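Observations on the three-dimensional arrangement
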Amino acid sequence: MNRQRALLIFGSSILGAALLTWFLYANTVAPRAEKQVRIVVAAHDMPLGALLHAGDLKLVNYSEKDAPKGVVLKSADAVNRVALFPIQANEPLLASKLSSTTAVEGLSSTIDTGFRAVAVQITDVSGVAGLIQTNSRVDVLFTRPGTMTEASTSTILQNVKVLSVGRLTATGAAVDPRAQRSPVVTLVLAPADAQKLELAKNEGRISLSLRNPLDSSQAEETGPMTTEVLDPTLADRIARARKKGGVGDDQTWKALTAVKKDPPKEPPKPRAVVDVYRGDKHVQESFR
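Residues numbered from 1 in each chain as written. Predicted model: local features only at pLDDT ≥ 70, side-chain atom pairs only at ≥ 80, totals over all residues. Heavy atoms only, no water.

**Some remarks on the environment of Val283**
Looking at the secondary structure, you find Val283 in strand 10 (residues 281-287). For Val283, a relative accessible area of 36% corresponds to the partly exposed category. With residues near it in sequence (within four places) discarded, Val283 still touches Val274, Asp275, Val276 and Arg278. (Helix = DSSP H or I, 4+ residues; strand = E, 2+ residues; numbered from the N terminus. Buried < 20%, exposed > 50% of the residue type's maximum accessible area, 1.4 Å probe, protein only. Contact = heavy atoms within 4.5 Å.)

**Some thoughts on the environment of Lys201**
As for its placement among the helices and strands, Lys201 is situated in helix 2 (residues 191-203). Residue contacts for Lys201: discarding those within four places in its chain leaves Val118, Ala119 and Ile206. Among the polar contacts made by the side chain of Lys201, one reaches the main-chain carbonyl oxygen of Ala119 at a distance of 2.9 Å. (Polar contact = N/O pair within 3.5 Å; in protein donor to acceptor, adjacent residues only side chain to side chain.)

**Examining the pattern of salt bridges**
For the structure on display, the rule yields four salt bridges. Glu91 serves as the salt-bridge partner of Lys97, at 2.9 Å between the closest nitrogen and oxygen. Taking relative accessible area as the criterion, Lys97 reaches 25% and is therefore assigned partly exposed. Here the salt bridges share partners, and the residues they tie into one network are Asp139, Arg211 and Asp215. (Salt bridge = Lys/Arg side-chain N within 4 Å of Asp/Glu carboxyl O.)

**Observations concerning helix 2**
The periodicity of an α-helix, 3.6 residues per turn, causes residues three or four positions apart to be oriented the same way. The terminal C-alpha atoms of helix 2 lie 19 Å apart, and with 13 residues this matches the ideal 18 Å at 1.5 Å per residue to within 8%. Listing the buried residues of helix 2 in full gives Ala194, Leu197 and Ala200. Buried residues along helix 2 cover an arc of 125° about the axis, so they all sit on one side. Exposed side chains of helix 2 directed beyond 90 degrees from the buried face belong to Ala192, Gln195, Leu199 and Asn202. (Expected span 1.5 Å × (residues − 1). Arc of directions from axis to C-beta.)

**Brief notes about the nonpolar core**
If you look at the biggest cluster of nonpolar residues, it comprises 20 residues, and the most contacted ones within it are Val140, Leu187, Leu189, Leu197, Ile206 and Leu208. Elements with a contribution of two residues or more to this core: strand 3 (116-121), strand 4 (137-144), strand 5 (152-165), strand 6 (184-189), helix 2 and strand 7 (205-211). The element best represented in this core is strand 5, accounting for five residues. Counting twelve residues, the second largest nonpolar core, distinct from the first, contains Val40, Leu52, Ile87 and Leu93. (Core = buried A, V, L, I, M, F, W, Y, C linked by side-chain atoms within 4.5 Å.)

**Re the pairing of strand 6**
Among the six residues that make up strand 6, five are buried, leaving the element largely enclosed by the rest of the structure. Note that strand 3 and strand 6 share six bridges and pair antiparallel. The partner of Ala119 across the bridge, within strand 6, is Thr186. Relative to strand 6, strand 5 is paired through four bridges, and the arrangement is antiparallel. Counterpart to Lys161 in the pairing with strand 6 is Val188. (Pairing = 2+ DSSP bridges.)

**Considering a nonpolar patch on the surface**
On the surface, Leu20, Trp22, Phe23 and Leu24 cluster together to form a nonpolar patch covering roughly 470 Å² of accessible area. For Leu20, a relative accessible area of 51% puts it in the exposed group. (Patch = residues over 30% accessible without salt bridge, like charges linked within 9 Å, V, L, I, M, F, W, Y side chains within 5 Å. Areas by Shrake-Rupley, 256 points an atom, 1.4 Å probe, with all protein chains shown as cover.)

**Notes on unusual backbone geometry**
What you tend to see is this: most non-glycine residues have negative phi, and most peptide bonds are trans. Of note in the backbone geometry, Asn80 takes a positive phi value of approximately 65° without being a glycine. Following the sequence through the fold, Asn80 ends up in the loop between strand 2 (57-63) and strand 3. Since its relative accessible area comes to 35%, Asn80 is described here as partly exposed. The backbone of Asn159 shows a phi angle near 55°, a positive value even though the residue is not glycine. Take Asn159: it is sitting in strand 5.

**Remarks on the confidence of the model for the protein chain**
In the predicted model, the protein chain carries a mean pLDDT of 76, and 70% of its residues have values of at least 70. Ranking the elements of the protein chain by mean pLDDT puts helix 4 (residues 250-257) last with 55 and helix 2 first with 91. Confidence over residues 168-180 falls short of pLDDT 50; this stretch has twelve contacts with residues more than four positions distant or in other chains. (pLDDT = per-residue confidence, 0-100.)

Take a look at the structure:
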């Protein structure tokens, strides 16, 4: 009897140890089956402005916990929509990167409703030496030429989105350093701002200042800034000249703006001049 009881206790202990070992293995070592979800991804690389078709999309299984927020779950929800950003192959499609349902293909479909695209001609200096790229944010500066009292610079537009730089519309694309830089930047503006920019283009010189894309602040002092900041004494000189009868004539402006120089020094007069004759040649030698 004691022997049977001992065997029963021993067997129960072995069974309990086996169950405990299996439980620990199942919870610590054995791989768990994660819940899967089917999402829509790009079948190949697509540029900015591409109209999506069924052949451009495919469904893949994704871990539910790793699926991006806002990902498209049905192909029908992405067909006939336009890519607002360049999309790489096998990249999950996000609703925020696609336009509303449309049948229009091309870059123009990426312009928000109620806005317009306006091109601005730039140089390496006015375009921040090529640092401006697609989707950059810039401020637009307007410089009015003229005399020292007429010339001024002011900020006419702030936090403007760059739609394209020349024909380069894909962000992240490799840029050939030997390629010629395009002198045109296309900006996205409200209609009233588009009119303001066109007027400024015909009245003076336009330049762009690059800003941090996370900086949406609006500067309170936007101009105009005159040449008085370059020469603090200019305002006083102009005021004094106006009291004397105005500054409209050229001679007065030359007197106001000319850089004063010391008069040239005359060479000292010679103490003696000696006539020297050498044959038929006559020269004068000076002794100082």
